[in-house]
Amino acid sequence: MRFDVTILGSSSATPIYNRNPTAQALNINERFYLIDCGEGTQQQMLRFDIKSSRIDYIFISHLHGDHYLGLVGLLSSLHLNGRKKPITLFGPAHLKEIIDLQFKYSETTLHFDLIFQAIDPAAPTVILDNQDITVETIILDHRIACTGFLFRQKKRLRKILKDKTEALDIPLSYYPLLKRGTDYFAADGKTYPNSDLTTDAEEPKAYAYCSDTLYNESYFKQITGVDLLYHEATFAHDMLDRALETHHTTALQAGQIAKIVQAKKLIIGHFSARYKTLNELLDEARSEFADTELAIEGRTFIIGT
Ligand SMILES: [Zn+2]
Ligand SMILES: [Zn+2]
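Structure report, in brief.

Conventions and cut-offs
- Residues numbered from 1 in each chain as written.
- Chains lettered and ligands numbered in written order.
- Predicted model: local features only at pLDDT ≥ 70, side-chain atom pairs only at ≥ 80, totals over all residues.
- Heavy atoms only, no water.
- Pairing = 2+ DSSP bridges.
- Helix = DSSP H or I, 4+ residues; strand = E, 2+ residues; numbered from the N terminus.
- Axes fitted to C-alpha atoms, helices over the stretch in contact; angles between N-to-C directions.
- Core = buried A, V, L, I, M, F, W, Y, C linked by side-chain atoms within 4.5 Å.
- Buried < 20%, exposed > 50% of the residue type's maximum accessible area, 1.4 Å probe, protein only.
- Contact = heavy atoms within 4.5 Å.
- Right-handed = clockwise from strand over helix to strand, strands pointing away.
- Parallel < 35°, antiparallel > 145°, perpendicular 65-115°, else oblique.
- Left-handed = near helix turned anticlockwise from the far one by under 90°.
- Donors = N, O, S within 2.8 Å, 3.2 Å for Na, K, Ca; no water.
- Tetrahedral: all angles 85-135°; square planar, octahedral: opposite > 155°, others 65-115°.

1. Overview of the sheet that holds strand S18 (residues 300–304)
Move 1: Strands sit in the order S6-S5-S4-S3-S2-S1-S18 across an open sheet of 7 strands; the sheet is mixed. In the strand order of this sheet, the two ends are held by strand S6 (114–118) and S18, each with one partner. Each strand axis lies, on average, 20 degrees off the axis of its neighbour in the sheet, ignoring direction.
Move 2: Pairing of strand S2 (residues 23–28) with strand S3 (residues 31–37) involves 6 bridges; the strand directions are antiparallel. Along S3, the bridge assignment pairs Asn-27 with Phe-32.

2. Side note on the nonpolar core
Move 1: Judged by nonpolar contacts, the single largest core of 33 residues is most densely connected at Ile-138, Tyr-219, Ile-223, Val-226, Leu-229, Ile-268 and Leu-281.
Move 2: Secondary structure elements with two or more residues in this core: strand S14 (206–210), helix H8 (251–260), strand S16 (266–269) and helix H9 (279–288).
Move 3: Once residues within four sequence positions are removed from consideration, Ile-223 is found in contact with Ile-138, Ala-208, Cys-210, Leu-229, Ile-257 and Val-261.

3. Some thoughts on the pairing of strand S5 (residues 87–91)
Move 1: Among the 5 residues in S5, 5 count as buried, and that is most of the element.
Move 2: Of the two faces of S5, both are covered, the one formed by Ile-87, Leu-89 and Gly-91 as well as the one formed by Thr-88 and Phe-90.
Move 3: Pairing of strand S4 (residues 55–59) with S5, which is carried by 3 bridges, proceeds in the parallel orientation. When the sheet's bridge partners are listed, Ile-58 is paired in S5 with Leu-89.
Move 4: Chirality of the crossover, the property in question, places the unit of S4, helix H2 (residues 71–80) and S5 among those that are right-handed.
Move 5: Note: S5 against S6, 5 bridges, orientation parallel. Of the residues in S6, the one forming a bridge with Ile-87 is Leu-114.

4. Here we look at the packing of H8 against H9
Move 1: As a packed pair, H8 and H9 sit with axes 7 Å apart at the nearest point and diverge in direction by 30 degrees. By the angle between their directions, the pair H8 and H9 is classed as roughly parallel. Note that H8 runs across H9; the crossing there is right-handed. Contacts between H8 and H9 pair Ala-251, Leu-252, Gly-255, Gln-256 and Lys-259 from the former with Leu-281, Glu-284, Ala-285, Ser-287 and Glu-288 from the latter.

5. Focus on the coordination of the zinc ion (ligand 1)
Move 1: At this site the zinc ion (ligand 1) is bound by Asp-66 (OD), His-67 (NE2), Asp-212 (OD) and His-270 (NE2), with donor distances of 2.1 to 2.2 Å.
Move 2: Classification of the site at the zinc ion (ligand 1) rests on its 4 donor atoms, whose angles at the metal span 91 to 167 degrees, yielding the label irregular.
Move 3: The two metals, the zinc ion (ligand 1) and the zinc ion (ligand 2), are separated by 3.4 Å and share Asp-212 as a common coordinating residue. Linking His-67 in the loop between S4 and H2 with Asp-212 in the loop between S14 and strand S15 (228–232), this pair joins segments that are 145 residues apart in sequence.
Move 4: You can call Asp-212 buried: its relative accessible area is 2%.

6. Structural notes on the coordination of the zinc ion (ligand 2)
Move 1: At 2.2 to 2.3 Å from the zinc ion (ligand 2) lie its protein donor atoms, namely His-62 (NE2), His-64 (ND1), His-142 (NE2) and Asp-212 (OD).
Move 2: Every donor counted, the 4 donor atoms about the zinc ion (ligand 2) form angles of 90 to 170 degrees at the centre, which fits irregular coordination.
Move 3: The sequence motif formed by the donor residues of the zinc ion (ligand 2) is H-x1-H-x77-H-x69-D.
Move 4: Residue His-142 is classed as buried on the basis of its relative accessible area, which comes to 7%.

These figures come from the coordinates and say nothing about function on their own.
Have a look at this one:
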């Protein structure tokens, strides 16, 4: 099952040359989950071949413009392109009001159902549970209510060892039982233990998206052990005062967080426009956590297979 994330935007506050405001596209089993939707996200999707028609879920972390100003444009295009499939949108309660107002005055009635689910900014909540994944909110510490999102793959069924099952002529109708761990009881009365016929599926993987936030230990436990951690790192540590004032994290702190929560890998992003190149931020995060990469537009990170 595919489980990867493509970076569509990595800039904080404003777009700058070659960096767009925040957006990421998760591909989970060939369905797209869009996380944040800064201005220009549609263009980025075209550029990196993310088909907007395949987006079923959108998650908006908070109502600062660099995280959602591309949303109404995207919904509008889907409407104009004749979308009929519903979209589920998760975001702060007031987002609904903003969208309704924009469509009210353009006299637009969307051709598809926009199912809006307001996020509770006070407590981590499981907001989605489908056949592939669960998604839980992460309560962050920003100037306005802000949540991250924790994506966890579901435990998968056991894998059939086809050479074994075919050699025994096991009927295909029996395969669902084998995948669930049942032994095979043959017609001649013999029993074949499940462990001879199947192997374990891969361990479920997890991706944590930590949007704008101060360094705050309150969410560390929840993201412990994730396979991939995206964490904002707006400033270098010499700008700590500015980070505290604007409720952001420094690259050094992002590295420390990855180390504390024992993430397998860290991506840093949400870079301030003051950094024309990003080596300083990368080196700083790597001084705490070696397996760190930059969120660069167009880069895809594999979380699981
Ligand atoms: Zn931001
Ligand atoms: Zn913000």
